[in-house]
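Examining the three-dimensional arrangement
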Amino acid sequence: MRIALAVLRRDRRSQVATGLVALGVMIAVSLVLWLLAAPNGLQARAERTAWRDISAGADGGSAISVAATRDSYRGRLIERYDVARDRPGEVPVAKGIARFPEAGEVLLSPALADLVRAAPAENLGNRFPGAVIAELGPEALKYEGELVAVVGHEEVANGLPTTGLANTRATYTDDYRGLLHLLTRVGLVVLVVPCLVLVASAARLTAAKRERRLAALRLAGASPRQVVVMTAIETAVGAVVGSVLGVLLAQPFSHLTAKIPWEGGTWYPGDFVPDPFVITAVAVLAPVLVVGAAVMGLRRVVRQPLAAEEKRGVRSWRVLTIAGAIGVFFLGIAYAQQAGGDNRFTVVLTGLGAVALALVLTGPVVTAWVGRFFVGRWSRPSTLLAGRRLSGDPVAAFRGSAGVVIAVFTGSMALTMLPGLETTVPSRDGTWRADAIVAEQVGLDVTPLRLATSAPIVTMLAGNVGNGDREHHGYSVLVGRCTEVARVLEDLRCQDGPAVYAPEELRYDHFRAGSQDDEITAQLPAEHVTRSFPGTGRVQAVIDPELLPAVRGRVSLVGVPTTPENREAVHTAFVRALPGAPLTDGEVTGLWGDTLSEDLRRATVIGLSIAAVLGGIGAAVAAAGSVIDRRRTFGALIAAGTPVRVLAHAMRREVVLPVLAVTIAACGAGIAVGLGLLTLARGMVGGEDLPLTPWVVAPVAVGVLVALVAALACGPVLRGISPRDYAAE
């Protein structure tokens, strides 16, 4: 122990290495704590909004009915819940909800209450008829500033039964059909791996110099235990300091993370605070891993001190680990598609981590191949020096590239998934005109809406035309006067006289529609006129009501064309007259889709930035450590007349050449894994397209650039070497 502490006090290079170890561990610990806090933040949101899960309490008997709809006002989304009692008695409510609102009573979030007070009543306030009895507390909101309304009624026609507004079962794993659960776990795996690479790089700093010193001590009579203790003490000093600093840094880091928007708003400051047990475990485990990595590297020194200077070769069988890891990953994909529950992604994530680690194991093999290639075909001294290093000690040469390779793998995987996930985001499907508002699941009486607005009202009946079999859906059609329907439906061009408007003549004649009251059936006349209509979105045909007199007067949809001046007023009239009816509004759909798309892009950019920074820091630390380890060699070369410029070029080639070779394989693995994850995600949220863009290969260029920038970090260290360093050794 005294020898180890004396080395730290007097050897400047050991002090630099200890500082770099502390830096690497600090970054790794703070990032791991941040990553492990992300599920806590999502779970905190889920617990605050669990009362909105309408179906959760239906098994316990219906106490109330709730209709959940999404509204908007001037570019801001509003979550609306229309509620009504089904039976007398106490209704349980969640924290943050003062009490259940009876008919004529309203609960508003603070931000929405402020907005209602500031806006004209006909544009917003009239959507929430009744007296505002209280404001929703932060315990019932996703984020500060969320717009939420709970409106009480005598009855809610489209409501779903539940036991109350207090759901004790809260988990974010159900959000967006489990996609969020999958993506957060994937992010944890692909970002924890570069953290481990960074820690391992920090632990191996000045490893060569330490091995020579410890080998000399072993030959002088030191026992294996003494050698291990000295190494553990040298490494533990920097690791413990870095771990403590990482824990301290995680706290302000979590507050910065709370400022990142998600689902339309930022987070409460306490959301991103990891559990004390997690903090303790990470703070203890990080130094243990660093010390363990340093001690594991002493096997040759302990067993064969005279072989400490020998270079370690690598076996080509490591390349096969990639195939095995990808096989495990796709086995997990197949299992997750068939299984259920929170643990169905375990094999997938295990395979994902295995692929990342397999790339790290395979890297030295490819590095050795690249080194042999350039040794045989060198044209410059710097290329020969780099090739000798790569082929002579591929493990040490690749160490600085490992983080960059994982960053490229992560980037290719993310850029493969992102376009496919964006296609699952809700967007306007082209059915209705952009200026139209359409209410679905409405009853026969639309008089309240006619009284609430002077805008033209279009009544329609949605149904199907098939062969008469109840299981056969056939064509999706609308029944309504063409001249009226054309006001709200895209691409409909009307002519005089009753007709069927469709892309082709309908092959069936049995019409069937399910209204709120009963099922409606009718039959098209054998002779009818068919006119051209391209079919838009969900509507494949439009039928004038004169061709189906049996359904005349039936209504299931109501649409109103709007103008920029009256849009908010018409929207308010819809909500006031038809509470709980699902509204199709291009603005609402667009806002929600844009929010989800921005979240996906933001998460991708943050994840790739972190991976790139980790890879760059790891490469810089390893490159600087490589120069420190070979200080005697470089001093001898300089003493022999080798220009520092040639050595600097050789160092850059040592870092960049392995990255250029291995990142191509990492990019291919990232694309394959991304397609597998996208297939799994699309199976959960719908969709079949698997789009690929040229951007999936961009991480290769970025990885080489990051490696080149990181290689420049060795320049100042290299310029500090002189022939005296060789003499000093």
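Reference entry: report on the structure contained in this document. The shown structure was predicted, so the numbers you read here are calculated from the model rather than taken from an experiment.

Grouped together as the largest cluster of nonpolar side chains are 72 residues, with contacts concentrated most on Leu-352, Phe-409 and Leu-677. In terms of nonpolar packing, the next biggest core, distinct from the first, is built from 20 residues, Tyr-81, Val-83, Val-91 and Ala-140 among them.

Throughout the structure, instances matching the rule amount to one disulfide. With a sulfur-sulfur separation of 1.9 Å, Cys-482 is cross-linked through a disulfide to Cys-494. A torsion of -95 degrees about the S-S bond marks the disulfide between Cys-482 and Cys-494 as left-handed. With Cys-482 in helix 15 (residues 482–485) and Cys-494 in the loop between helix 15 and strand 10 (500–502), the pair connects residues that are twelve residues apart, well separated along the chain. With a relative accessible area of 4%, Cys-482 lands in the buried category. Take Cys-494: its relative accessible area is 29%, and that puts it in the partly exposed class.

Quick look at the packing of aromatic side chains now. For the coordinates displayed, the defined rule picks out five aromatic pairs. Seen in terms of ring centroids, Trp-267 and Phe-272 are 5.0 Å apart; in terms of plane orientation they differ by 80 degrees. Their pairing is edge-to-face. Across this residue pair, the class does not change: Trp-267 and Phe-272 are buried. Between Phe-373 and Phe-374, the ring centres sit 5.3 Å apart and the planes meet at 90 degrees, which makes this aromatic pair edge-to-face. According to the relative accessible area criterion, Phe-374 is partly exposed, its value standing at 23%. In this structure, Arg-45 is placed above the aromatic ring of Trp-267, and the distance from its NZ or CZ to the ring centre is 3.9 Å.

This part covers helix 16 (residues 567–577). In terms of burial, helix 16 is largely enclosed, as nine of its eleven residues are buried. Taken as a whole, helix 16 has its buried residues at Arg-567, Glu-568, Val-570, His-571, Thr-572, Ala-573, Phe-574, Val-575 and Ala-577.

With that settled, consider the sheet that holds strand 3 (residues 105–108). Spatially, six strands are ordered 4-3-5-2-1-6 in an open sheet, and the strand pairing comes out mixed. Of all strands in the sheet, those with a lone pairing partner are strand 4 (131–135) and strand 6 (160–162), marking the two edges. With strand direction ignored, the average angle separating the axes of adjacent strands in the sheet is 30 degrees. Its contacts with the sheet put helix 3 (residues 110–118) on strand 1 (64–73), strand 2 (76–85), strand 3, strand 4 and strand 5 (148–153), and the angle it makes with strand 3 is roughly 115 degrees. Lying on the sheet, helix 16 is in contact with strand 1 and strand 2; it crosses strand 1 at an angle near 180 degrees.

Most peptide bonds take the trans configuration, and most residues that are not glycine carry a negative phi. Phi at Glu-263 takes a positive value of approximately 60 degrees, unusual for a residue other than glycine. As for its placement among the helices and strands, Glu-263 is situated in the loop between helix 6 (224–257) and helix 7 (276–296). By relative accessible area, which is 17% here, Glu-263 ends up buried. The phi angle at Asp-491 is positive, at roughly 65 degrees, despite the residue not being glycine. Positionally, Asp-491 belongs in the loop between helix 15 and strand 10.

A word on a nonpolar patch on the surface. Together, Val-237, Val-240, Val-241, Val-244, Leu-245 and Leu-248 make up a nonpolar patch on the protein surface, roughly 480 Å² of accessible area in all. In this structure, Leu-248 sits in helix 6.

Cut-offs used in this document
Residues numbered from 1 in each chain as written. Predicted model: local features only at pLDDT ≥ 70, side-chain atom pairs only at ≥ 80, totals over all residues. Heavy atoms only, no water. Core = buried A, V, L, I, M, F, W, Y, C linked by side-chain atoms within 4.5 Å. Buried < 20%, exposed > 50% of the residue type's maximum accessible area, 1.4 Å probe, protein only. Disulfide = S-S within 2.5 Å. Helix = DSSP H or I, 4+ residues; strand = E, 2+ residues; numbered from the N terminus. Phe/Tyr/Trp six-rings, centres within 6.5 Å; stacked < 30°, edge-to-face > 60°. Lys NZ or Arg CZ within 6 Å of the ring centre and 35° of its normal. Pairing = 2+ DSSP bridges. Axes fitted to C-alpha atoms, helices over the stretch in contact; angles between N-to-C directions. Contact = heavy atoms within 4.5 Å. Patch = residues over 30% accessible without salt bridge, like charges linked within 9 Å, V, L, I, M, F, W, Y side chains within 5 Å. Areas by Shrake-Rupley, 256 points an atom, 1.4 Å probe, with all protein chains shown as cover. Salt bridge = Lys/Arg side-chain N within 4 Å of Asp/Glu carboxyl O.

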